[in-house]
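# Coordinate inspection notes
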Amino acid sequence: MNSPTTQFATSRRMGIYEPIHQIHMWGDFVSNGCSNTSPSMIVEVDTKLNNQSEVTSHTSHGTQGPSNKFDKEASKPADKVLRRLAQNREAARKSRLRKKTYVQQLETSRLKLIQLEQELQQSQQQGLYMDGGLDTSHLGYSGIVNSGIATFEIEYGQWVEEQNRQICELRRALNSDIIDIELRILVDGGMNHYFDLFRMKATVAKADVFYLMSGMWKTPVERFFLWIGGFRPSELLKVLLPQLDQLADQQLLDIYSLRQSCQQAEDALSQGMDRLQHALAETVASGQLGDGSCIPQVTRAMEKLEELVSFVNQADHLRQVTLQQVSCTLTTRQAAWGLLTLGEYCHRLRTLSSQWATRPCELA
């Protein structure tokens with residue numbers, strides 16, 4: 001399998017070397033016909049099984065050969081399948097209800113945020129000042145309340161709670177006798193949960209990209225591993241691979257090839273960030289320093305800083321496609337175990353950060 005290469009293009013506004021938005025690196029995986037399982041596939045299976053049960057029933061009425069005892073024995077597998085399908089529909093219904101509840105919680109949080117902003121604005125108009133007792137993590141670097149950051153922090157807190165719930169549900173499912181159709185529902189739900197996070201990050205990046213890239217929304221230990229506002233996909237594969245048992249030779253080959261492609265794309269994005277930093281420093285330092293004039297330099301630098309949002313979006317796109325390709329390469333049960341492993345890894349990082357923050361400090 002040939003390793004795909006990463007292409008570059010010259011930025012029109014920046015005049016620097018940066019990766020283009022579409023990184024051609026997963027052609028070999030897509031060509032294998034991998035695609036995510038959709039709800040339509042589950043409905044199709046349900047329909048086929050129902051049709052088969054109807055044909056079986058019709059045939060049994062038209063044939064006089066088998067005895068009643070034999071008919072009862074033959075109907076047992078069909079009844080079991082129908083029970084399983086009914087359980088699948090019930091699980092899907094509960095999933096829709098949980099999603100509806102989650103959306104309602106987000107709307108309630110949005111209304112509370114609006115009320116908080118109004119109260120804060122009224123306090124500022126009355127000449128009151130914050131005394132440090134208020135959590136100012138939702139303030140931008142200018143000290144002005146950033147509603148985009150505040151909304152993101154509320155939504156991210158709920159996202160972490162939902163991830164913890166999904167981890168427990170996956171663990172129970174993998175330890176029980178569950179069929180692949182039911183397990184696929186959980187896998188698709190876990191994948192969509194990460195995609196929701198990428199959409200949330202794209203929104204807050206427009207509000208304050210420096211907040212997102214600084215990792216202030218993560219724990220200190222998670223920030224230690226931060227790369228352009230998130231995890232490195234190649235490092236994620238390094239964590240997952242030892243946890244996946246009984247991988248076929250072709251699966252191992254595909255994952256190793258994907259990891260190499262991820263490293264190439266990560267290098268391309270890192271080089272683009274370095275060039276952006278160099279170009280930004282040159283822009284700010286252009287002209288005569290010391291004369292008190294900075295408006296032209298700052299204006300040009302602002303235009304270059306807008307490219308940071310593009311870098312964050314490209315990095316998250318790389319993370320999303322990596323998750324999709326890993327899920328496509330693995331079986332349903334392996335993909336479920338991979339999501340459980342990833343969730344446990346993130347939980348351990350957060351726990352380590354909490355333990356570090358509460359450790360007893362020795363005075364010098």
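Now for a look at the structure at hand. Each residue is numbered by its place in its chain's sequence as written, counting from 1. Where local features are concerned, this predicted model is filtered to residues with pLDDT of at least 70; where side-chain atom pairs are given and counted, the filter is 80 or more; whole-chain, interface and lining totals use all residues. Only hydrogens and water are removed before side-chain values are computed, so all heavy atoms of the structure are retained for them.

In this section: empty space enclosed by the protein. Both site types are read off a 1 Å grid over the protein atoms alone. A 1.4 Å probe that fits but cannot get out defines a cavity, while an open set with protein on both sides within 12 Å along at least five of seven lines defines a pocket; lining residues have an atom within 4 Å of a point. Grid points are joined across faces, edges and corners, and a volume is the space filled by probe spheres set on the points. Applying the stated rule across the entire model yields three cavities of 30 Å³ or more. When its volume is computed, the largest cavity comes out at roughly 100 Å³. Taken together, V187, M191, L240, L323, V326, S327, L330, A335, G338, L339 and L342 form the lining of the largest cavity. Looking at the lining of the largest cavity, the elements that each hand over two or more residues are α5 (180–207), α11 (307–329) and α12 (332–357). Under the DSSP-based scheme used, a helix requires at least four consecutive residues in state H or I and a strand at least two consecutive residues in state E, with every element numbered from the N terminus. The element contributing the most residues to the lining of the largest cavity is α12, with four residues. Each residue receives one of three labels: charged for Asp, Glu, Lys and Arg, nonpolar for Ala, Val, Leu, Ile, Met, Phe, Trp, Tyr, Cys and Pro, and polar for the others, Gly being one of them. Looking at the lining of the largest cavity residue by residue, the classes come out as nine nonpolar, two polar and no charged. Empty space within the second largest cavity amounts to approximately 60 Å³.

So, on to the packing of helix α9 (residues 249–285) against helix α10 (residues 295–305). Look at α9 against α10: their axes get within 8 Å of each other, and the N-to-C directions meet at 165 degrees. Put simply, α9 runs roughly antiparallel to α10. Like other packed secondary-structure pairs, α9 and α10 cross with a definite hand, here left-handed. Across the interface between the two elements, L276, A279, L280, T283 and V284 from α9 touch Q297, R300, A301, K304 and L305 from α10. With axes taken as lines fitted to C-alpha atoms, and helix axes fitted only over the stretch in contact, angles between N-to-C directions fall between 0 and 180 degrees. Angles below 35 degrees are treated as roughly parallel, those above 145 as roughly antiparallel, those between 65 and 115 as roughly perpendicular, and all remaining angles as oblique. When the near helix sits turned anticlockwise from the far one by under a right angle, the crossing is termed left-handed; a clockwise turn instead gives a right-handed crossing. The contact definition used throughout considers only heavy atoms, calling two residues in contact when any of these lie within 4.5 Å.

All right, on to the packing of aromatic side chains then. In this analysis, rings of Phe, Tyr and Trp, with Trp reduced to its six-membered ring, are considered paired at centre separations within 6.5 Å, and the interplanar angle assigns stacked below 30 degrees, edge-to-face beyond 60, and tilted for intermediate values. Counted under the stated rule, the structure contains seven aromatic pairs. Centre to centre, the rings of F152 and Y211 are 6.3 Å apart; their planes meet at 85 degrees, and the pair counts as edge-to-face. Placement of F152 in helix α4 (residues 147–174) and of Y211 in helix α6 (residues 209–214) is noted, with a sequence separation of 59 residues between them. Ring centres of F152 and W217 lie 5.4 Å apart, and the angle between their planes is 80 degrees; on these two criteria the pair is classed as edge-to-face. A residue pair is termed long-range when its members are at least 10 positions apart, and F152 in helix α4 and W217 in the loop between α6 and α7 (220–224) qualify at 65 residues. Any residue under 20% of the maximum accessible area for its type is buried, any over 50% is exposed, and the rest in between are partly exposed; the area is computed with a 1.4 Å probe on protein chains only. What makes W217 buried here is its relative accessible area of 8%. Members of the aromatic cluster, connected to one another through ring pairs, are F152, Y156, W159, Y194, Y211 and W217. We call a charge positioned above a ring when the Lys NZ or Arg CZ atom is no farther than 6 Å from the ring centre and deviates by at most 35 degrees from the ring normal. The ring of W356 has R359 sitting right over it, with the charged end atom 3.6 Å from the ring centre.

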